[in-house]
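One-letter residues, chain by chain:
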Amino acid sequence: MKKKKRILSVVGVIAALGLLYIGFLQFKISQYSKMEAPKNADYLIVLGASVKGTVPSLAFASRINAAAIYLKENKDTVVIASGGKGPGEDISEAESIKRELVKQGISESRIILEDRSTDTYENIDFSKKLIPKDAKLGLVVTNTFHLYRAISIARDQDLEVQGLPAKTPLKAVFKSYTREYLAITKFYLKRYILD
């Protein structure tokens, strides 16, 4: 009986610590998702996401739309469209960003393509090399759930950027946040333990 109680106590402590940890992650995500993007950024980096054939997923379309609104209001800002071509994608994510922005009236001359990256680390690393030389203020454009990790990765790579949050479609909330908790945990392990 004592052994059973001890096991239940340990399970209870682990569950409580797990809930505290998820609460902490949600707090960090929420903090970053409420960021107010400054006007007149020199550049935006729009992070890629899944494309079904040539059509951006709902979450990806939300990123592109947020970038388009900002670019229309800030005429001197250039945009780095970042994302390679993954499985089931007929075009690169960068090309998808470009096509959608052009459809919304953004001039091709303002769009720089980064079409080799396969994850957020590479998005930042490869895009960093394409930032115009005289640029100072930069924004990362991604969904609310992803902004905290994206900016943290950028800062780890010595790229000081702020965030432009794009709404996370309701349909994608549960799956996106669950995956993001795991992705942030992997990021923490890599940053604090494995390095």
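The coordinates are above.
Below: a short report on this structure. (Residues numbered from 1 in each chain as written. Predicted model: local features only at pLDDT ≥ 70, side-chain atom pairs only at ≥ 80, totals over all residues. Heavy atoms only, no water.)

## Re the pattern of salt bridges
Then, in step 1: Counted by the stated rule, this structure contains seven salt bridges.
Then, in step 2: A salt bridge links Lys103 to Glu100; the shortest N-O distance between them is 3.3 Å. In this pair, Lys103 and Glu100 are both assigned in helix 3 (residues 93-103), three residues apart and thus about one turn of the helix distant.
Then, in step 3: Relative accessible area serves as the criterion here: at 18%, Glu100 is assigned to the buried category.
Then, in step 4: The salt bridge partner of Glu180 is Arg149, with a shortest N-O separation of 2.7 Å. Of the two residues, Glu180 is situated in helix 6 (residues 173-194) and Arg149 in helix 5 (residues 147-156); the sequence distance between them amounts to 31 residues.
Then, in step 5: On the basis of relative accessibility, which here comes to 12%, the residue Arg149 falls in the buried class. (Salt bridge = Lys/Arg side-chain N within 4 Å of Asp/Glu carboxyl O. Helix = DSSP H or I, 4+ residues; strand = E, 2+ residues; numbered from the N terminus. Buried < 20%, exposed > 50% of the residue type's maximum accessible area, 1.4 Å probe, protein only.)

## Description of the side chain of Thr144
Then, in step 1: When you line up the elements, Thr144 lands in the loop between strand 6 (138-143) and helix 5.
Then, in step 2: Non-local contacts of Thr144, meaning those with residues more than four positions away in its chain, are made with Ile29, Ser33, Pro165, Ala166, Lys167, Thr168 and Tyr177. (Contact = heavy atoms within 4.5 Å.)

## A word on the sheet that holds strand 1 (residues 43-47)
Then, in step 1: Judged by pairing direction, the sheet is parallel, and its five strands sit side by side in the order 5-4-1-6-7 without closing on themselves. Unpaired on one side and paired on the other, strand 5 (111-114) and strand 7 (162-166) mark the two borders of the sheet. The sheet shows a mean angle of 25° between the axes of neighbouring strands, taken without regard to direction.
Then, in step 2: The sheet contact formed by strand 1 and strand 4 (residues 78-82) spans five bridges and is parallel. From the neighbouring strand, Ile45 faces strand 4, where its bridge partner is Ile80. (Pairing = 2+ DSSP bridges. Axes fitted to C-alpha atoms, helices over the stretch in contact; angles between N-to-C directions.)

## Here's the deal with the environment of Ser117
Then, in step 1: Tracing the backbone through its elements, the reader meets Ser117 in the loop between strand 5 and helix 4 (120-128).
Then, in step 2: Take Ser117: its relative accessible area is 4%, and that puts it in the buried class.
Then, in step 3: Once the C-alpha coordinates of Ser117 and Tyr43 are considered, the two residues, 74 residues apart in sequence, prove to be 18 Å apart.
Then, in step 4: Aside from chain neighbours lying at most four places away, what touches Ser117 is Ser82, Gly83, Gly84, Glu122, Asn123 and Phe126.

All we've got here are geometric facts, nothing functional implied.
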